[in-house]
Amino acid sequence: MTFPKGFLWGGATAANQYEGGWNEGGRGPALTDVTTGGTVNTPRLVTWIDKDGNPHAEPENPLGIPEGAKYAVLDGYYYPNHKATDFYHHYKEDIALFAEMGYKTFRMSISWSRIYPTGEDETPNQEGIEFYRSVFEELRKYDIEPLVTIWHFDTPLAMIQKYGDWTCREYIDAYVKYAKTIFTEYKGLVKYWLTFNEINNTVNFLPDNASDEVFQKAYQHLHYQFVASAKAVQIGHEIDPENKIGCMICGICYYPFTCDPQDILFNRYKWEKGIFYCGDVQCKGKYPTFAKKLWAEHNVTLDITEQDLVDIANGCVDMYTFSYYMSQAVTTHESDDIVGGNMSFGVRNPYMEYSDWGWGVDATGLQYYLEMIYDRYEIPLIITENGLGAYDTVEEDGSIHDPFRIEYYRKHIQAMQKAIDNGIDLIGYTTWGCIDVVSAGTGEMRKRYGFIYVDMDDEGKGTMKRSRKDSFYWYKKVIASDGDNLDDSFEK
């Protein structure tokens with residue numbers, strides 16, 4: 001069992017969780033900049049001021065904030081994404097550490113509001129353009145291939161304030177203008193692109209009992225993003241035929257909890273709604289047959305034009321990329337034993353172990369997902385997120401021992417090997433995250449993923465010093481052996 005020649009080993013981050021510099025270099029705010037910290041048991045809050053000037057801090061509402069209200073940064077709240085773990089000021093140091101690990105690729109995102117601060121500016125912010133150019137040049141210096149996400153939950157806040165979140169067609173043209181700008185500016189520096197991060201989250205994490213209004217907005221939101229993605233794919237290919245442009249799906253492997261036929265059917269519907277709906281549109285260029293059933297369940301009527309369908313058909317992605325953290329057991333039966341992880345929930349699976357944040361560790365589910373998806377789409381695959389959020393302890397001598405993280409990755413890499421041996425075309429693997437970043441779900445720092453430790457706590461206090469964990473040296477060995485040596489040994 002061997003990995004293919006030229007396999008893209010690396011790690012992944014997102015601008016809103018890692019970059020920082022939220023109000024520097026001409027960048028405009030995004031929704032994450034008015035989102036507070038939280039914990040595993042308390043939600044992150046979005047802050048705003050109502051039309052009468054009263055401040056509010058509430059969990060994000062799928063329908064947005066009330067009419068006349070304005071998003072705002074309020075005194076007395078901590079906004080962890082403002083500083084994140086400060087790639088903005090540490091990118092050369094961090095990229096050198098990635099190179100030391102032997103990275104072949106580094107997945108990152110561009111903050112839309114660093115390029116177009118309001119999303120609708122006539123011209124791009126030149127400071128933002130030059131910042132990312134410097135990052136890509138630094139990566140190229142070490143022969144690290146950038147893998148760039150165009151949108152990773154970073155819609156400019158000004159557009160959300162004006163239009164709502166992806167609720168109107170104005171978003172399509174604004175996104176396409178932004179995509180065209182970065183395709184043009186970074187031609188020759190970047191050739192691997194992803195249009196929308198975890199695009200399926202918009203529908204996948206909605207509770208089944210959400211209102212028809214919420215589902216109407218969610219499916220319309222998705223449609224506009226499908227059209228925007230398809231147009232970006234076409235433009236990206238026109239600007240540089242070398243560009244490889246992919247979708248990015250939040251991958252969850254669903255299992256029926258029992259052999260009750262109703263559970264089997266329910267499980268199929270979970271795959272259709274949560275995974276295949278978005279994958280089919282972006283990879284096959286058309287809505288699947290079951291789309292009408294999904295829309296009918298919530299009385300959804302979409303604004304779809306004939307030109308939209310032409311654009312979607314002509315804008316199929318070149319590769320399918322996805323995140324994978326856990327699997328989920330689903331059932332039609334009542335159960336009191338519910339677990340959660342990565343903002344998804346299910347029944348406790350007795351055949352799995354669970355992390356401190358309720359994540360079911362299931363490497364076999366990754367193999368299953370890889371084989372299922374490749375059989376359906378038959379295009380190259382990249383695992384663009386895979387990791388374990390856990391507590392880390394810094395010893396007195398500064399060392400950080402994380403054997404649990406090494407074991408997690410070993411099992412998942414072994415699962416990848418099995419899937420490759422069974423014929424799937426997997427071309428890359430970027431762990432989440434290569435360095436500690438702010439947790440998207442909880443806003444915490446204590447929930448750490450990286451091979452590189454960042455000295456910062458949940459209140460933003462710390463030196464920002466970077467330190468190598470044991471897993472840093474282990475992953476370096478794995479890359480050097482092209483996935484052949486997965487034992488516990490490593491050299492510092």
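Summary of the structure given here. (Residues numbered from 1 in each chain as written. Predicted model: local features only at pLDDT ≥ 70, side-chain atom pairs only at ≥ 80, totals over all residues. Heavy atoms only, no water.)

### Re the overall build of the chain
Then, in step 1: Along its length, the chain carries 14 helices and 17 strands.
Then, in step 2: Its C-alpha atoms give the chain a radius of gyration of 21 Å, within 12% of the compact-globule value 23 Å for 492 residues.
Then, in step 3: Based on the C-alpha atoms only, the size of the chain along its principal axes is roughly 60 × 55 × 50 Å.
Then, in step 4: Every one of the 492 residues in the chain was classed for burial, and the buried ones make up 60%.
Then, in step 5: Carbon and sulfur atoms make up 49% of the accessible area of the chain, which totals about 19,700 Å². (Helix = DSSP H or I, 4+ residues; strand = E, 2+ residues; numbered from the N terminus. Rg over C-alpha atoms; globule rule 2.2 N^0.38 Å. Buried < 20%, exposed > 50% of the residue type's maximum accessible area, 1.4 Å probe, protein only. Areas by Shrake-Rupley, 256 points an atom, 1.4 Å probe, with all protein chains shown as cover.)

### Description of the packing of aromatic side chains
Then, in step 1: For the coordinates displayed, the defined rule picks out 47 aromatic pairs.
Then, in step 2: Relative to Phe131, the ring of Tyr91 has its centre 5.6 Å away and its plane inclined at 90 degrees; by these criteria the two rings are edge-to-face. Highlighted residues: Tyr91 in helix α2 (residues 87-101) and Phe131 in helix α4 (residues 126-141), separated in sequence by 40 residues.
Then, in step 3: For Tyr91, a relative accessible area of 13% puts it in the buried group. (Phe/Tyr/Trp six-rings, centres within 6.5 Å; stacked < 30°, edge-to-face > 60°.)

### So, the packing of helix α8 (residues 212-239) against helix α11 (residues 306-314)
Then, in step 1: Closest axis-to-axis distance for the α8/α11 pair is 8 Å, and the angle between their directions is 50 degrees. Taken together, the axes of α8 and α11 lie oblique to each other. Considering how the two elements wind past one another, α8 and α11 form a crossing that is left-handed. Contact residues: α8 offers His223, Phe226, Val227, Ala230, Lys231 and Gln234, while α11 offers Asp308, Asp311, Ile312 and Asn314.
Then, in step 2: Partitioned by chemical class, the residues of the contact of α8 with α11 number four nonpolar, three polar and three charged. (Axes fitted to C-alpha atoms, helices over the stretch in contact; angles between N-to-C directions. Parallel < 35°, antiparallel > 145°, perpendicular 65-115°, else oblique. Left-handed = near helix turned anticlockwise from the far one by under 90°. Contact = heavy atoms within 4.5 Å. Nonpolar A, V, L, I, M, F, W, Y, C, P; charged D, E, K, R; others polar.)

### What to know about the nonpolar core
Then, in step 1: Among the nonpolar cores identified, the biggest contains 142 residues, and Phe98, Phe136, Tyr175, Tyr186, Tyr277 and Tyr320 are the most heavily contacted of them.
Then, in step 2: Here the element with the most residues in this core is α8; it accounts for 13 residues.
Then, in step 3: With residues up to four places along the chain from it excluded, the contact list for Tyr320 reads Cys247, Ile249, Ile275, Gly279, Cys283, Tyr369, Ile373, Tyr377, Ile379, Pro380, Leu381 and Ile382.
Then, in step 4: Ranked by size, the runner-up nonpolar core spans seven residues in total, among them Leu8, Leu147, Tyr192 and Met319. (Core = buried A, V, L, I, M, F, W, Y, C linked by side-chain atoms within 4.5 Å.)

### Remarks on the pattern of salt bridges
Between side chains of opposite charge, pairing is possible as soon as their charged atoms come close.
Then, in step 1: Summed over all chains, the structure comprises 30 salt bridges.
Then, in step 2: With a closest N to O distance of 2.9 Å, Glu100 and Arg468 form a salt bridge. Of this pair, Glu100 sits in helix α2 while Arg468 sits in strand β17 (residues 466-468); the two residues are 368 residues apart in sequence, bridging distant segments of the chain.
Then, in step 3: Residue class for Glu100 comes out partly exposed when judged on its relative accessible area of 29%.
Then, in step 4: Salt bridges sharing common partners tie together Asp392, Asp402, Arg405, Asp436, Arg448 and Lys469. (Salt bridge = Lys/Arg side-chain N within 4 Å of Asp/Glu carboxyl O.)

### A closer look at helix α13 (residues 403-421)
Then, in step 1: For α13, spanning 19 residues, the distance from its first C-alpha to its last is 27 Å, which sits close to the expected 27 Å at 1.5 Å a residue.
Then, in step 2: Residues of α13 that are buried: Arg405, Ile406, Tyr408, Tyr409, Arg410, His412, Ile413, Ala415, Met416, Gln417, Ala419 and Ile420. (Expected span 1.5 Å × (residues − 1).)

### Overview of helix α6 (residues 170-185)
Then, in step 1: Between its first and last C-alpha atoms α6 spans 23 Å; for 16 residues at 1.5 Å apiece the expected length is 22 Å, and the two agree.
Then, in step 2: Those residues of α6 that fall on the buried side of the exposure criterion are Tyr171, Ile172, Ala174, Tyr175, Val176, Tyr178, Ala179, Thr181, Ile182 and Phe183.

### Let's talk about the pairing of strand β5 (residues 105-109)
Then, in step 1: Counting buried positions along β5 gives five out of five residues, so the element sits mostly inside the fold.
Then, in step 2: Here β5 shows a buried face lined by Thr105, Arg107 and Ser109 and a second buried face lined by Phe106 and Met108.
Then, in step 3: In this structure, strand β1 (residues 8-12) lies alongside β5, joined through three bridges in parallel fashion. Bridging across to β5, Ala12 finds its partner in Arg107.
Then, in step 4: Bridge analysis of β5 against strand β6 (residues 145-151) gives five bridges, and the strand direction is parallel. Residue Arg107 lies in a different strand from β6, and its bridge partner there is Leu147. (Pairing = 2+ DSSP bridges.)

### Some words on the sheet that holds strand β4 (residues 70-71)
The pairing of strands in a sheet happens through backbone hydrogen bonds and is either parallel or antiparallel.
Then, in step 1: Taken together, the three strands give an open sheet; going across it, the order is β3-β2-β4, and neighbouring strands pair in antiparallel fashion. Among the strands making up the open sheet, the edge pair consists of β3 (55-58) and β4.
Then, in step 2: Bridge analysis of strand β2 (residues 46-49) against β4 gives two bridges, and the strand direction is antiparallel. Each bridged residue has a counterpart across the sheet, and for Ile49 the counterpart in β4 is Lys70.

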